[in-house]
Amino acid sequence: MESMRYCYRQLLQRSLACLIVYVGVKFVNKFATVALACVIFSIIAVYAGIFDNIDGNDKLFMCVLGKRLLKDVAVANCSKDEGGVLWNYFCASGECDPYFKEQNVSLVRGIKGLKSGVFFDNLFPSFLQEGQYIAYGMDPEHIEPLDRPSYNQVYADLSTAFTILIGIFFPSVTGIMAGSNRSGDLADAQKSIPIGTIGAIVTTSTVYLSCVLLFAGTVDNLLLRDKFGQSIGGKLVVANMAWPNQWVILIGSFLSTLGAGLQSLTGAPRLLQAIAKDGIIPFLEPFAVSSKRGEPTRALILTLLICQCGILLGNVDLLAPLLSMFFLMCYGFVNLACALQTLLRTPNWRPRFKYYHWCLSLIGLTLCISIMFMTSWYFALIAMGMAVLIYKYIEYRGAEKEWGDGIRGIALSAARYSLLRLEEGPPHTKNWRPQILMLAKLNDDFTPKYRKLFSFVSQLKAGKGLAVVVSLIPGDFTRRAGEAAAAKQALRKVMDDEKVKGFCDVLVASNIADGLSHAVQTIGLGGMKPNTVIIGWPYGWRQSEDDRTWHVFLQTVRHVSAARMALLVPKGINFFPAIGDKIAGNIDIWWIVHDGGLLMLLPFLLKQHRSWKNCKMRIFTVAQMEDNSIQIKKDLKMFLYHLRIEAEVEVVEMMDSDISAYTYERTLMMEQRNQMLRKLRLNKREKENVVQAIVDHHHHNDNNTKTASKVRFADPSENKEAGSEEADREEKNETESEKDKDTKEATDSDKEAAGAEKLANNVSVSPVKDKKAGGDAAKVADDVKSAFKPDEGNVRRMHTAVKLNEVIVNKSHDAQLVILNLPGPPKETYMERESNYMEFLEVLTEGLERVLMVRGGGREVITIYS
């Protein structure tokens, strides 16, 4: 019951104190002036009292047992008389305490004065562990309790250290930011804050440090360590030293404490309100409201509640170290911000104080962090953890106002420094990694055509590194800038969905091939230029009469090779796993030509992603009959061992065989298609010339419709040409519909071969109404069939492609991915040679679901050195 009364009494007293403080806030400006005057007068009284009592005084006496300090003992009762107060304490059980028997009791003057030389007794540390007695010296006989009752001896209530004292003392000197917190109320903040802050630091440092030294030279060692003044009845030592009367100190201390509290209660709510108004922390928005008089009432109430929680703890020593952490973090971040702004040479950072240097800020930051961990490492970690959580919350929710981020400045400077360092010399092979430039094709609605290509890039980068995605739109930029912006947004959305980290851009060019060439040459900056290009396979090249379908692809391959960049061409991209899929099986590498080791590195990078993590690597290499297959396999295993890559190795022997009839048939089909396309293109030009002449003739006779009609029907040749024009239009529409139908992501070579046959059939028996057009097509077919003997060079190349495809399909038909070398494109740019090259690639990859064709950039990308 008594304990409950005590709790209620304490709660009532503290609530009354908070109410007084709240009322004082209303008159804070007037009260602050009075409090400041009283504080200054109190400081003067303390200094005067110290020198007035240079020989000490007899106002405070302590009762000492041996070398131990006693509490709650009046001066008259400080004796070992039997039946006395001390006797009753130490001999209550009938047997006196051994230490009481052995030691004498004495009265010691508490205030000895500067002439006493007590300064040297207080010069050395006397830190105690919890439960040890306060005594002269550090002799265990006098300070250790030895499992005995403490009686009325004064002991340490907690383990003390220099860092603990700093944590307790530091909050008393945290008023240096008061001016900055109320900068909105200052007439000239730029001038007042530096002068006021420096003046406050100098003044408080002088007063506090001098008081420490003067007290150490005036007050006895035991009394200095008596934290609650129990040995002198709870009296204030400073008040008993002051001149002319102790009430000067009592009143001054009360007003100083109240003034410091009011100062915090006026500065902190305004700071809280400013943060809420800036929208930095979204959940603080309700505290941005001001009263009719412009006071931050809501913020003040929240601050009072926080203060009340601290008061209810009942022990400032528990709260002071944590408060010190937040103050130190505040000052540390201010110093860090100032140093960064100076080192980064931010144009908007223009300090008016001319004696400022960034070294001072770094020293201040170092001191703040050091004191935090010196005071309490676990409190320091807690405070830093809270700061990180608040920062991440702000970063996640986003601030309504952007005030600038110093971290972005650091990132910019670091990026600039890194780019310049990368330019100092070519990167070493061990530092090589694919910096990807992905050339994405767009649909008519400006969305990416092959979404799985983005997934493949994300898997290849394993969520790390950067990729650049570029798409092209044909036309004039001034007219299609809006469409380019919309396409860029679509690219960015797909990149975000597929978790591709990097940048995207959309270029507008009059010629697609030239635009891709410009992108390959110019995209990137310095050492961060892409070194690997990914381009999709032109699936509809067989179905089109126009050679531009493969011309753009081949031109890009040539440009990439000229830029000495690596090239990746995935075929069957729609069968590749999505970003969340997981597959298991084999990744087969067909190592035909050593091209910088990129074939070895790519599957290793893919296996870093969870989609390909469960796959195993198998490496195949091709040997002739006269080669030593056993030695080749042994050397390749040793090479992989040094590369620290785990993979199965198999050497495939290819026997020399006669050229099969199938090879002749595929070669003949390829050459027939080339001849048909060449003659159809020639006939198309001739028909276009005739049609243009008819159009010009009709335009000339447009004024006489009747005459024109007679002439048109009277001239059978003209009627035939007109019919041919209509047939050409119909044939064009049907061919385009067939073309659109066949080019829908045809990823299987068998489908494309069927498409080629379909095209040949369409060319031979196109449903045209005009007899002349039908005769031209039939004539083309007859001419093609007459050329039955294929070129020997083409037959030899086709034979190699067919035989190699047979081996690959036999060994890797169930592989999840087949990686093989991409042969170099032909140097000749005429249609037949380029078409033959595309046909060879089709034959080489026929019957494989997922294929990745790789062409190195002419340098080694993997090394045995770590």
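Note that the coordinates shown come from a computational prediction; the quantities given were computed from them, not determined experimentally.

1. Examining the overall build of the chain
If you tally the helices and strands in the chain, you get 29 helices and 13 strands. Scored against the burial criterion, the 866 residues of the chain give a buried share of 39%. Taking all contacts inside the chain whose residues are at least 6 apart in sequence as the whole, residues at least 24 apart take part in 79%. Carbon and sulfur atoms form 59% of the exposed surface of the chain, whose accessible area is close to 48600 Å².

2. Focus on the pairing of strand β7 (residues 532-535)
Every second residue of β7 is oriented toward a common face, with Thr 532 and Ile 534 on one face and Val 533 and Ile 535 on the other, all of them buried. For strand β4 (residues 436-439) and β7, the ladder comprises four bridges, and the chain directions are parallel. Across the sheet, residue Ile 436 finds its bridge partner in β7, namely Thr 532. Judged from the three bridges that link them, β7 and strand β8 (residues 566-571) form a sheet pairing that is parallel. Within β8, the position partnered with Thr 532 by the bridge is Ala 566.

3. Section: the sheet that holds strand β10 (residues 614-623)
Within a sheet, neighbouring strands are paired by backbone hydrogen bonds and run either parallel or antiparallel to one another. Reading across from one edge, β6-β5-β4-β7-β8-β13-β12-β9-β10-β11 is the order of the ten strands in this open sheet, with mixed pairing throughout. The open sheet terminates on both sides in strands that have one partner only, identified here as β6 (502-509) and β11 (648-653). Here the strands of the sheet are splayed against their neighbours by 20° on average, with no regard to which way each runs. Both β10 and β11 contribute to a ladder of six bridges, which runs parallel. Directly across from Val 622, in β11, lies its bridge partner Val 652. Across the sheet, helix α21 (residues 598-606) touches β8, β9 (584-591), β10, β12 (817-821) and β13 (851-855), and the angle it forms with β9 is around 165°.

4. Brief notes about the state of the cysteines
Taken as a whole, this structure holds two disulfides when the rule is applied. Disulfide pairing places Cys 63 opposite Cys 78 at an S-S distance of 2.1 Å. Where Cys 63 bonds to Cys 78 through sulfur, the torsion about that S-S bond is close to 85°, and the disulfide is right-handed. Remark: Cys 78 occurs in the loop between β2 (68-69) and α3 (85-90) and Cys 63 occurs in strand β1 (residues 61-65); sequence separation between them is 15 residues. Across the pair, exposure class does not vary: Cys 63 and Cys 78 are buried alike. The residue that forms a disulfide with Cys 91 is Cys 96, at a sulfur-sulfur distance of 1.7 Å. One disulfide, between Cys 91 and Cys 96, carries an S-S torsion of 110° and so falls in the right-handed class. This pair shows no difference in class: Cys 91 is buried, exactly as Cys 96 is. What links to what in the chain: the bonded cysteines, counted in sequence order, pair as 1-2, 3-4.

5. Quick look at the packing of helix α17 (residues 452-461) against α21
When two helices pack together, their arrangement is given by the angle between the helix axes and the distance between those axes. Following both chains from N to C, one finds α17 and α21 inclined at 95°, their axes separated by 7 Å at the closest point. By the angle between their directions, the pair α17 and α21 is classed as roughly perpendicular. Across from Phe 456, Gln 459 and Leu 460 in α17, the residues of α21 making contact are Leu 602, Leu 605 and Leu 606. A per-class count over the contact of α17 with α21 returns five nonpolar, one polar and no charged.

6. Some remarks on the nonpolar core
In this structure, Met 438, Phe 454, Leu 460, Ile 534 and Trp 537 are the most contacted members of the largest nonpolar core, which totals 97 residues. When residues in this core are grouped by element, the largest group, seven residues, is from α21. If we ignore the near neighbours within four places in the chain, the residues touching Leu 460 are Ile 436, Ile 534, Leu 568, Leu 602, Leu 605 and Leu 606. Counting 27 residues, the second-largest nonpolar core is a separate cluster that includes Leu 128, Leu 223, Val 237 and Met 241.

Conventions and cut-offs
- Residues numbered from 1 in each chain as written.
- Predicted model: local features only at pLDDT ≥ 70, side-chain atom pairs only at ≥ 80, totals over all residues.
- Heavy atoms only, no water.
- Helix = DSSP H or I, 4+ residues; strand = E, 2+ residues; numbered from the N terminus.
- Buried < 20%, exposed > 50% of the residue type's maximum accessible area, 1.4 Å probe, protein only.
- Contact = heavy atoms within 4.5 Å.
- Areas by Shrake-Rupley, 256 points an atom, 1.4 Å probe, with all protein chains shown as cover.
- Pairing = 2+ DSSP bridges.
- Axes fitted to C-alpha atoms, helices over the stretch in contact; angles between N-to-C directions.
- Disulfide = S-S within 2.5 Å.
- Parallel < 35°, antiparallel > 145°, perpendicular 65-115°, else oblique.
- Nonpolar A, V, L, I, M, F, W, Y, C, P; charged D, E, K, R; others polar.
- Core = buried A, V, L, I, M, F, W, Y, C linked by side-chain atoms within 4.5 Å.

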